[in-house]
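# An overview of the molecular structure
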Amino acid sequence: MAEGLPGGLPMEVPVPDLPPRVRIHEVGPRDGLQNEKGVIPTGVKAEFIRRLADAGLTTIEATSFVHPKWVPQLADAEQLFPMVSPIEGVTFPVLVPNERGLDRAIALGARRIAVFGSATESFASRNLNRTIDESLAMFEPVVARAKDDKIHVRGYLSMCFGDPWEGKVPIHQVVRVAKRLMDLGCDELSLGDTIGVATPGHVLTLLAELNEEGVPTSALGVHFHDTYGQALANTFAALEHGVTTVDSSAGGLGGCPYAKSATGNLATEDLVWMLHGLGIDTGVDLGRLTATSVWMAEQLGRPSPSRTVRALAGADSSHKEP
Ligand code: HMG
Ligand code: MG
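A quick note: this is a predicted structure, and the numbers were derived from the prediction, not measured.

### Some points on the side chain of Asp163
Here Asp163 lies in the loop between β6 (152-158) and α7 (171-184). Within the structure, Asp163 has its side chain in polar contact with the side chain of Thr120 (distance 2.6 Å). Setting aside residues no more than four positions away along its own chain, Asp163 makes contact with Thr120, Ser122, Phe123, Val169 and Ile195.

See the structure below:
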């Protein structure tokens, strides 16, 4: 399968002071599939998730308990979740916008949830039908009840680096909403570059400002979309700052149905190639992961956008268009 280097792995050349290990928060089954035009059979989603777990991913965002009319692609959450959970050593976070979503998630035994806020009013209104204040008020009882049940809560913050309707997003505005999400009791905060416009200096500045306002790096994750090809450079900047939680999507699947110009997430394979080259442990078997994305590309009927998948899979990645 491998092209370029024997064994399909990069040469390991560490850079001093980077974290020894990174936890990859795999979002392919959720962020990746929520935007698909066609309906993907639940069995295919379950198989995708099982293969991701087999490849060594330990945090796999499985689905969303949102309104099925808002995201019809994930309307099968009730059927899917019990098909994959539990798997020993793997956690399956799910998106939950409100108490109704929390009830559904708890009924199936979910132990990790994510609320998802926005740094901008435009996206809050389009994604959640709420103002920023209203959405935080909607999350408040969700986080409180989850914490009472010892459920781990991630807070997503979207549009941290730019917004398709509002343009540039002031850093102090991002920090303000980030702090409010942390104050609700979130265990971690994932900084979303929903439309993929961030650059490394912007990332470093936001991280430093958040630290200054009392949000520790250990609570922060980064969530880059790769629209402008900056996702890996931005990730490297975040690693240099000490971030150890990085979101990515197998095969580079993804987008957001409520954000025009959101393309795929940072591909997990591209991330793993860089991390392993830096000598950073991820626990992921790159060959198995690539095989999973090639298989998923076959299910979707189009090639994976991941450069690493294409390089490693060689001719296998030239799948037929539908
Ligand atoms: P709404 O229309 O304002 O809902 O939507 P509502 O509270 O007025 O309720 C209306 C009806 O929906 C009620 O039913 C509720 O029971 C029902 P009725 O009484 O009329 O029969 N309902 C629900 N049903 C099932 N599950 C639920 C639920 N909630 C209400 N959870 C709402 C508000 C938040 C529900 C809606 O806007 C929504 O579901 N939005 C989700 C949008 C979404 O999933 N977007 C993609 C994820 S965000 C993202 O991708 C960004 C990220 O990747 C990071 C980054 O890249 O930046 C995370
Ligand atoms: Mg996203």
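### Observations regarding the site of ligand 1
Around ligand 1, 27 residues are found, and the nearest of them are His67, Asn98, Asn127, Ser158 and Thr194. Within the side chain of Asp31, an N or O atom sits 3.1 Å from an oxygen atom of ligand 1. Within the contact set of ligand 1, an oxygen atom lies 2.9 Å away from a side-chain nitrogen or oxygen of Asn129. For the shell around ligand 1, the secondary-structure elements that each account for two or more residues are α1 (28-32), α4 (99-107), α5 (121-128) and β6. Per-class residue counts for the shell around ligand 1 are 11 nonpolar, 11 polar and five charged.

### Focus: the confidence of the model for the protein
When the pLDDT values of the protein are averaged, the result is 94; 94% of them are 70 or greater. For the protein, the element scoring lowest by mean pLDDT is helix α12 (residues 307-313), at 94; strand β8 (residues 220-224) scores highest, at 99. Here residues 315-322 is modelled with pLDDT under 50, and outside its nearest four sequence neighbours on either side it reaches 14 contacts, counting other chains as well.

### Some points on the state of the cysteines
Per the stated rule, a full pass over the model turns up zero disulfides. Unpaired in this structure, Cys160 has its nearest cysteine sulfur neighbour in Cys186, at a distance of 13 Å.

### A short note on the nonpolar core
Core analysis: the biggest nonpolar cluster contains 93 residues, and Ile113, Leu157 and Met296 have the highest contact counts within it. Sort the elements by how many residues they give to this core and helix α6 (residues 132-148) lands first, with seven residues. If near-sequence neighbours (up to four positions away) are discounted, Leu157 is found in contact with Gly117, Ser118, Ala119, Val174, Val177, Ala178, Leu181, Leu189, Ser190, Leu191 and Gly192.

### Points about the sheet that holds strand β5 (residues 112-118)
Read from one edge to the other, the open sheet built from nine strands follows the order β2-β1-β9-β8-β7-β6-β5-β4-β3, with strand pairing classed as parallel. The strands lining the two open edges of the sheet, one partner per strand, are β2 (59-60) and β3 (63-64). Pairing between β5 and β6: seven bridges, direction parallel. Pairing of Phe116 across the sheet is with Tyr156, part of β6. Together, β5 and β6 form the strand contacts of α6, whose direction differs from that of β5 by roughly 165°.

### Here's the deal with the pattern of salt bridges
Across all of its chains, the model carries 15 salt bridges by this definition. For Lys45, the salt bridge is made with Asp76, and the minimal N-O distance between the two is 3.0 Å. Of the two residues, Lys45 sits in helix α2 (residues 42-54) while Asp76 sits in the loop between β3 and α3 (77-84), which places them 31 residues apart along the sequence. With respect to burial, Lys45 and Asp76 carry one shared label: buried. One salt bridge in this structure joins Glu78 and Arg104, with 2.8 Å as the shortest N-O distance. Of the two residues, Glu78 sits in helix α3 while Arg104 sits in helix α4, which places them 26 residues apart along the sequence. Connected through shared salt-bridge partners, Arg23, Arg154, Glu188 and Asp247 make up one network.

### Brief notes about the packing of α6 against α7
Where α6 contacts α7, the axes come no closer than 9 Å and their chain directions differ by 20°. Classified by the angle between their axes, α6 and α7 sit roughly parallel to one another. Crossing geometry of α6 relative to α7 is assigned as right-handed. Along the contact surface, α6 presents Ile132, Asp133, Leu136, Phe139, Glu140 and Val143, while α7 presents Val177, Arg180, Leu181 and Leu184. Split into classes, the residues belonging to the contact of α6 with α7 amount to seven nonpolar, no polar and three charged.

### With respect to the environment of Leu18
Mapped onto the fold, Leu18 is located in the segment before β1 (23-26). Among residues more than four places away in sequence, those in contact with Leu18 are Phe236, Leu239, Glu240, Leu278 and Ile280.

### Looking at α5
Buried residues of α5: Ser122, Phe123, Ala124, Asn127 and Leu128, and no others. Against the buried residues of α5 lie β5, α6 and β6. With its phi angle positive at about 60°, Asn129 sits one or two positions after the end of α5.

### What about the pairing of strand β9 (residues 245-248)?
Residue alternation in β9 divides its side chains into two sets, Thr245 and Asp247 and Val246 and Ser248, and both sets are buried. Alignment of β1 against β9, held across four bridges, turns out to be parallel. Its bridge partner lying in β9, Ile24 is registered against Val246. Pairing geometry for β8 and β9, over three bridges, is parallel. Considered in β9, the bridge of Gly221 is made with Thr245.

Basis of the calculations
- Residues numbered from 1 in each chain as written.
- Chains lettered and ligands numbered in written order.
- Predicted model: local features only at pLDDT ≥ 70, side-chain atom pairs only at ≥ 80, totals over all residues.
- Heavy atoms only, no water.
- Helix = DSSP H or I, 4+ residues; strand = E, 2+ residues; numbered from the N terminus.
- Polar contact = N/O pair within 3.5 Å; in protein donor to acceptor, adjacent residues only side chain to side chain.
- Contact = heavy atoms within 4.5 Å.
- Near = heavy atom within 4 Å.
- Nonpolar A, V, L, I, M, F, W, Y, C, P; charged D, E, K, R; others polar.
- pLDDT = per-residue confidence, 0-100.
- Disulfide = S-S within 2.5 Å.
- Core = buried A, V, L, I, M, F, W, Y, C linked by side-chain atoms within 4.5 Å.
- Buried < 20%, exposed > 50% of the residue type's maximum accessible area, 1.4 Å probe, protein only.
- Pairing = 2+ DSSP bridges.
- Axes fitted to C-alpha atoms, helices over the stretch in contact; angles between N-to-C directions.
- Salt bridge = Lys/Arg side-chain N within 4 Å of Asp/Glu carboxyl O.
- Parallel < 35°, antiparallel > 145°, perpendicular 65-115°, else oblique.
- Left-handed = near helix turned anticlockwise from the far one by under 90°.

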